Amino acid sequence: MAPLILIVEDEADLSLMLRYNLEAQGYRVLISESGDEAAEVTRDNVPDLILLDWMLPGLSGIELCQRLRLRKQTADVPIIMLTARGVEEDRIRGLQTGADDYVTKPFSVPELLARVEALLRRSKPQLVASALKAGDLELDRASHRVYRAAREIHLGPTEYRLLEYLMTNPGRVYSREQLLDQVWGSDVYVDERTVDVHVGRLRKAINKGRAMDPIRTVRGAGYAFDERFAASVS
Ligand code: CA
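As the structure is a prediction and not an experimental result, all values here were calculated from the model.

It is worth spelling out the overall build of the protein chain at this point. The secondary structure content of the protein chain amounts to ten helices and twelve strands. For 234 residues, the compact-globule estimate of 2.2 N^0.38 gives 17 Å, and the C-alpha radius of gyration of the protein chain, at 20 Å, lies within 12% of that figure. Seen through its principal axes, the protein chain has C-alpha atoms that stretch 65 × 30 × 30 Å. The buried share of the protein chain, reckoned over its 234 residues, is 45%. Residue pairs at least 24 apart in sequence account for 55% of intrachain contacts in the protein chain once pairs closer than 6 positions are excluded. As displayed, the protein chain has an accessible area near 12400 Å², and 48% of this comes from carbon and sulfur atoms. Each charge class in the protein chain can be summarised by its mean position, and for the 32 positive and 36 negative side chains these summaries are 9 Å apart.

Pasting the structure below:
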């Protein structure tokens with residue numbers, strides 16, 4: 001699944017230009033025109049990175065940054081702030097408030113894209129890695145192939161996305177609802193039981209003849225990629 005980037009910027013020309021360039025790099029993009037809107041949007045959709053303009057109407061960039069840092073789900077989301085030229089004070093305050101990096105306007109698009117990539121690589125290496133490896137399981141994003149103990153496993157498209165999503169955050173428990181949103185898409189209506197059916201198929205395919213199941217069922221909560229499996233030596 002492509003990383004999700006939230007742009008918080010009130011200048012429509014700038015946010016559209018950024019969206020165009022980020023989508024061309026394969027990222028998914030959301031835009032909020034104000035800090036208040038972004039505070040709301042991030043309740044349902046936790047982005048993988050935020051581009052945050054400092055000068056916003058209503059809730060300012062600094063205030064939004066502080067709020068996001070205080071909220072458990074967004075406390076660690078990498079933030080790049082966009083500041084006006086020469087406002088040194090903003091930059092320092094921004095970094096103190098919890099932004100990870102900053103870019104001064106007007107900025108070069110290739111430079112911004114490079115910073116986005118570098119920050120994602122640093123904060124979420126699993127998200128941008130071309131292959132995910134855990135125990136004796138390997139998922140190759142470029143070829144969309146999955147291997148267990150070096151033998152290829154054939155998965156349906158939904159099982160592939162499900163495995164990719166779970167492998168991105170080993171140990172983290174996802175509810176059926178979260179998995180439906182992230183793997184099937186929030187605009188698709190399917191019953192939560194569907195998740196169980198596909199997890200069952202995925203397990204059957206990857207565990208054939210093997211004792212160790214990389215997927216953990218957490219009663220009353222959902223599913224997780226077992227971090228002990230991820231740590232096991234293949
Ligand atoms: Ca602005």
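This part covers the side chain of S15. Looking at the element boundaries, S15 is found in helix α1 (residues 12–24). Apart from the residues lying within four places of it in its own chain, the contact partners of S15 are I7, E9 and I31.

Strand order across the open sheet formed by five strands is β2-β1-β3-β4-β5, with parallel pairing between neighbours. Whereas interior strands pair on both sides, the edge strands pair on one side only; in this sheet they are β2 (28–32) and β5 (101–104). The average angle at which neighbouring strand axes cross in this sheet is 20 degrees, direction not considered. One ladder, built from four bridges, connects strand β1 (residues 4–8) with strand β3 (residues 49–53); its direction is parallel. Across the sheet, V8 pairs through a bridge with L52, a residue of β3. Relative to strand β4 (residues 79–83), helix α4 (residues 88–97) is tilted by about 165 degrees, and along the sheet it contacts β4 and β5. Contacting β1, β3, β4 and β5, helix α5 (residues 109–123) crosses the sheet at an angle of about 155 degrees to β4.

Turning to the packing of aromatic side chains, a few remarks are in order. Each aromatic ring pair is described using two quantities: the centre-to-centre distance and the angle formed by the ring planes. Summed over the entire model, instances satisfying the criterion amount to two aromatic pairs. Consider the rings of Y165 and Y174, whose centres lie 4.8 Å apart with planes at 50 degrees: the pair is tilted. Here Y165 matches Y174 in class, with each residue buried.

Each strand in a sheet pairs with its neighbour through backbone hydrogen bonds, running either in the same direction (parallel) or in the opposite one (antiparallel). In spatial order, the strands read β10-β12-β11; together these three strands make up an open sheet with antiparallel pairing. With one partner strand each, in any of the chains shown, β10 (173–174) and β11 (215–218) form the two edges of the open sheet. Bridge count between β10 and strand β12 (residues 222–225): two bridges; the pairing is antiparallel. Counterpart to Y174 in the pairing with β12 is Y223.

A cluster of like positive charges, contributed by R151, K204, K208 and R210, occupies part of the molecular surface. Position of R151 relative to the elements: it lies in strand β9 (residues 151–153).

Their axes nearest at 9 Å, the elements helix α2 (residues 35–44) and helix α3 (residues 61–70) cross at an angle of 15 degrees. By the angle class used here, α2 and α3 are roughly parallel. Taken as a pair, α2 and α3 cross one another with a handedness that is right-handed. Seen from α2, the contacting residues are G35, A38, A39 and T42; seen from α3, they are L64, R67 and L68. Classifying every residue of the contact of α2 with α3 by side-chain character gives four nonpolar, two polar and one charged.

This next bit is on the coordination of the calcium ion. Here the calcium ion is held by the protein donor atoms D10 (OD), D53 (OD) and M55 (O), which lie 2.1 to 2.4 Å from it. Binding-site remark: the calcium ion is held by donors from one chain whose sequence spacing is D-x42-D-x1-M. Residue D10 is found in the loop between β1 and α1, and its partner M55 is found in the loop between β3 and α3; the two are separated by 45 residues along the sequence. Of the residues examined, M55 reaches a relative accessible area of 59% and is grouped as exposed.

A word on the pattern of salt bridges. In this structure the tally under the stated criterion is 17 salt bridges. With its nearest N and O atoms 2.6 Å apart, the salt bridge here joins R141 to E164. On the criterion of sequence distance, the pair formed by R141 in the loop between β7 (137–140) and β8 (145–148) and E164 in helix α7 (residues 157–168) is long-range, its members being 23 residues apart. Accessibility assignment for this pair places R141 and E164 in one class, buried. Among the ionic pairs, R228 bridges to D226, the shortest N-O distance being 3.2 Å. Judged by relative accessible area, R228 falls into the exposed class, the value being 59%. Through salt bridges with shared partners, a single network forms among E9, E11, D53 and K105.

Rules of the game
Residues numbered from 1 in each chain as written. Predicted model: local features only at pLDDT ≥ 70, side-chain atom pairs only at ≥ 80, totals over all residues. Heavy atoms only, no water. Helix = DSSP H or I, 4+ residues; strand = E, 2+ residues; numbered from the N terminus. Rg over C-alpha atoms; globule rule 2.2 N^0.38 Å. Buried < 20%, exposed > 50% of the residue type's maximum accessible area, 1.4 Å probe, protein only. Contact = heavy atoms within 4.5 Å. Areas by Shrake-Rupley, 256 points an atom, 1.4 Å probe, with all protein chains shown as cover. Lys, Arg positive; Asp, Glu negative; His and termini not counted. Charge placed at Lys NZ, Arg CZ, Asp CG, Glu CD. Pairing = 2+ DSSP bridges. Axes fitted to C-alpha atoms, helices over the stretch in contact; angles between N-to-C directions. Phe/Tyr/Trp six-rings, centres within 6.5 Å; stacked < 30°, edge-to-face > 60°. Patch = residues over 30% accessible without salt bridge, like charges linked within 9 Å, V, L, I, M, F, W, Y side chains within 5 Å. Salt bridge = Lys/Arg side-chain N within 4 Å of Asp/Glu carboxyl O. Parallel < 35°, antiparallel > 145°, perpendicular 65-115°, else oblique. Left-handed = near helix turned anticlockwise from the far one by under 90°. Nonpolar A, V, L, I, M, F, W, Y, C, P; charged D, E, K, R; others polar. Donors = N, O, S within 2.8 Å, 3.2 Å for Na, K, Ca; no water.

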